[in-house]
Amino acid sequence: MSLFQSPSLEVVKQTLHRTFLPDESYVLSLTTLGNYYAASASSPSNQIHLFDKTSLQSVGVLQGHENATTYLRTIHALGTSNREMLLSSGKDGCVVAWDERSGTTSIKMETSGRLRPILCCDASSDGLMVAAGTDLQKEDAFILYWDPRNPVAPLRTHGSTHSDDITAVHFLKHGSSRGSGKVLLSTSSDGLISTSNALEEDEDEAVLHVGNWGCSVSQGGWIQNTRGTRVWAASDMETFSCWSNELEQMSSMDIRGPSLHDHGHSWVTDYLIKGHCTQKAENGLAVFVGSNEGDLALMTGNDISNPAAPWTIHSVWAGGHTGVVRSLHWDEEHGVLVTGGEDSRITTWRIHDPNVSDSQEGDQMDDTMQSESSKLKREWDDTMDISQATVSSRHTGQECLIELRL
């Protein structure tokens, strides 16, 4: 597999803003909520911090979960409410929807009976179902489903889909067929990637497809674009894979393999941070990778379903962190990347669309800036300083081949 350097490769060394979590906490999750960015802190804090988007000034703190806040995401509807809100899970066995205006719990969904620590959660696009995955307790790991309009106890519990920690659950969004919004993707340390019908009571009937990667799966998600629906997954061994919508394995690779050494610029991947499904990236998926020094990069695959197809590196962000980057959020609306690390830092950067050509890049940046509020535009522009990498292929419009580290 080859790695190509984008003709418009950016090396970004200037941050927009930076702040720190208190008590030297790791930044475990990042997301956006209205005019705020939200960040979850590691133990012993476990709190969820809210920051103003334009300045990263702290504007509020949510209590979080008693034992550990394990996952944080933004949802656009829940139960009878169509208001955007934060959804979090924790090792206290709860999934919580937060009212950031009052700093209190809006809806709290709990496990029934024995405490089951929860590692991940999601809500369906219509907001009428919440799913969560637990860690392994004795011999059981569970997928739990709630109707948030009746959150006292789970609607149903499935305990045989996985046999180890459930590391991710994601509802299919914007599916083309009726009922597709209740299809749940789950990944697990048992090596399995599964899709289930969340409306089915009988677990044997609920499981739609299963893929066995044969290694501990740490994260995964849907890929939806003009080519259809697929699935990506990452392992604890820094391997990356792509699967069909029926979970037939299409590719598998070591994400640390490709390296960049060209025109004074170098990049070597140490770990995968996150995959981000977006129409702004080739093949519908942006893959963010990091170095142990605290830098990060954005790569896309020309055809991630083909293990021999090349990848392209588009941007490198350097100097913003001093350790491993644990979380990030791409705020596509404002063209901002938010990163958080083991150094307790939360940093914002300018990011451009990876599928924009050199001739289009300036025009699109202008359009993006014009669409932002005047406050966002004024403050972000004042701090934007992007160092553009110069490559020999820039004037030819061709991509140059970068060596592969074996």
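Whatever comes next refers back to the structure up there.
Now for a description of the structure that goes with this document. (Residues numbered from 1 in each chain as written. Predicted model: local features only at pLDDT ≥ 70, side-chain atom pairs only at ≥ 80, totals over all residues. Heavy atoms only, no water.)

A short note on the side chain of Ser 315
Line of reasoning, step 1. Mapped onto the fold, Ser 315 is located in strand β28 (residues 311-317).
Line of reasoning, step 2. The class of Ser 315 is buried, set by a relative accessible area of 0%.
Line of reasoning, step 3. Within the structure, Ser 315 has its side chain in polar contact with the side chain of Glu 10 (distance 3.5 Å).
Line of reasoning, step 4. Ignoring sequence-local partners within four residues, the contact set of Ser 315 consists of Leu 9, Glu 10, Leu 296, Ala 297, Leu 298 and His 352. (Helix = DSSP H or I, 4+ residues; strand = E, 2+ residues; numbered from the N terminus. Buried < 20%, exposed > 50% of the residue type's maximum accessible area, 1.4 Å probe, protein only. Polar contact = N/O pair within 3.5 Å; in protein donor to acceptor, adjacent residues only side chain to side chain. Contact = heavy atoms within 4.5 Å.)

Re the packing of aromatic side chains
Line of reasoning, step 1. Evaluation of the coordinates by the stated rule reveals five aromatic pairs.
Line of reasoning, step 2. Seen in terms of ring centroids, Trp 213 and Trp 243 are 6.4 Å apart; in terms of plane orientation they differ by 85°. Their pairing is edge-to-face. One end of the pair, Trp 213, is in the loop between β18 (207-212) and β19 (217-225); the other, Trp 243, is in strand β21 (residues 239-244), and 30 residues separate them in sequence.
Line of reasoning, step 3. Relative accessible area serves as the criterion here: at 11%, Trp 213 is assigned to the buried category. (Phe/Tyr/Trp six-rings, centres within 6.5 Å; stacked < 30°, edge-to-face > 60°.)

Section: the pairing of strand β15 (residues 166-171)
Consecutive side chains of a regular strand alternate in pointing toward one face of the sheet and then the other.
Line of reasoning, step 1. Of all six residues in β15, five are buried; the element is thus mostly enclosed.
Line of reasoning, step 2. Both β15 and strand β16 (residues 183-188) contribute to a ladder of five bridges, which runs antiparallel. From the neighbouring strand, Phe 171 faces β16, where its bridge partner is Leu 184. (Pairing = 2+ DSSP bridges.)

A look at the sheet that holds strand β14 (residues 156-158)
Line of reasoning, step 1. With respect to topology, four strands assemble into an open sheet ordered β11-β12-β13-β14, the strand pairing being antiparallel. Each edge of the sheet is formed by a strand with only one pairing partner; in this case those strands are β11 (118-123) and β14. The average angle at which neighbouring strand axes cross in this sheet is 20°, direction not considered.
Line of reasoning, step 2. The pairing of strand β12 (residues 130-134) with strand β13 (residues 143-146) spans four bridges and is classified as antiparallel. Counterpart to Val 130 in the pairing with β13 is Trp 146. (Axes fitted to C-alpha atoms, helices over the stretch in contact; angles between N-to-C directions.)

Thoughts on the side chain of His 49
Line of reasoning, step 1. Note on placement: His 49 falls in strand β5 (residues 48-52).
Line of reasoning, step 2. We classify His 49 as buried; its relative accessible area is 5%.
Line of reasoning, step 3. Residues contacting His 49, with those up to four places away along its chain left out, are Leu 21, Pro 22, Tyr 37, Ala 38, Ala 39, Ala 41, Gly 60 and Val 61.

Re unusual backbone geometry
Line of reasoning, step 1. Following Ser 43, the chain continues to Pro 44 via a peptide bond in cis, the omega torsion being 5°.
Line of reasoning, step 2. Within the secondary structure, Pro 44 sits in the loop between β4 (36-41) and β5.
Line of reasoning, step 3. At Asp 23, a position not held by glycine, the phi torsion is positive, near 65°.
Line of reasoning, step 4. Locating Asp 23 in the fold gives a position in the loop between β2 (17-20) and β3 (27-33).
Line of reasoning, step 5. Under the relative-accessibility criterion, Asp 23 is labelled exposed at 65%.
Line of reasoning, step 6. Positive phi values are uncommon outside glycine, yet Leu 56 reaches one of about 60°.
Line of reasoning, step 7. For Leu 56, the location among the structural elements is in the loop between β5 and β6 (58-62).
Line of reasoning, step 8. Residue Leu 56 is classed as buried on the basis of its relative accessible area, which comes to 2%.

Focus on the pattern of salt bridges
Line of reasoning, step 1. Under the definition given, this model contains 14 salt bridges.
Line of reasoning, step 2. A salt bridge links Arg 83 to Asp 99, with the shortest nitrogen-to-oxygen separation between them at 3.6 Å. A residue pair is termed long-range when its members are at least 10 positions apart, and Arg 83 in the loop between β7 (69-75) and β8 (85-90) and Asp 99 in strand β9 (residues 94-99) qualify at 16 residues.
Line of reasoning, step 3. On the accessibility criterion, Arg 83 (24% relative accessible area) is partly exposed.
Line of reasoning, step 4. A salt bridge links Arg 345 to Asp 343, with the shortest nitrogen-to-oxygen separation between them at 3.8 Å.
Line of reasoning, step 5. Relative accessible area serves as the criterion here: at 15%, Arg 345 is assigned to the buried category.
Line of reasoning, step 6. The class of Asp 343 is buried, set by a relative accessible area of 16%.
Line of reasoning, step 7. Each of the salt bridges in this network shares a partner with another, and the network as a whole consists of Arg 83, Asp 99, Glu 100 and Arg 101. (Salt bridge = Lys/Arg side-chain N within 4 Å of Asp/Glu carboxyl O.)

Quick look at the nonpolar core
Line of reasoning, step 1. The biggest cluster of nonpolar side chains holds 21 residues, and the ones touching the most others in it are Phe 240, Ile 255, Val 287, Trp 311 and Ile 313.
Line of reasoning, step 2. Those elements giving two or more residues to this core turn out to be β1 (3-12), β20 (228-235), β21, β26 (285-290), β27 (296-301) and β28.
Line of reasoning, step 3. Met 85, Val 95, Cys 121 and Val 130 belong to the second largest nonpolar core, which has 16 residues in total. (Core = buried A, V, L, I, M, F, W, Y, C linked by side-chain atoms within 4.5 Å.)

Side note on the environment of Ser 305
Line of reasoning, step 1. On the secondary structure map, Ser 305 appears in the loop between β27 and β28.
Line of reasoning, step 2. Separated by 75 residues in sequence, Ser 305 and Arg 230 have C-alpha atoms that sit 9.0 Å apart.
Line of reasoning, step 3. Residues contacting Ser 305, with those up to four places away along its chain left out, are Arg 230, Cys 242, Met 250 and Ser 251.
Line of reasoning, step 4. A distance of 2.5 Å separates a polar atom in the side chain of Ser 305 from a polar atom in the side chain of Asp 303.

Treat this as a map of the structure, not an account of what it does.
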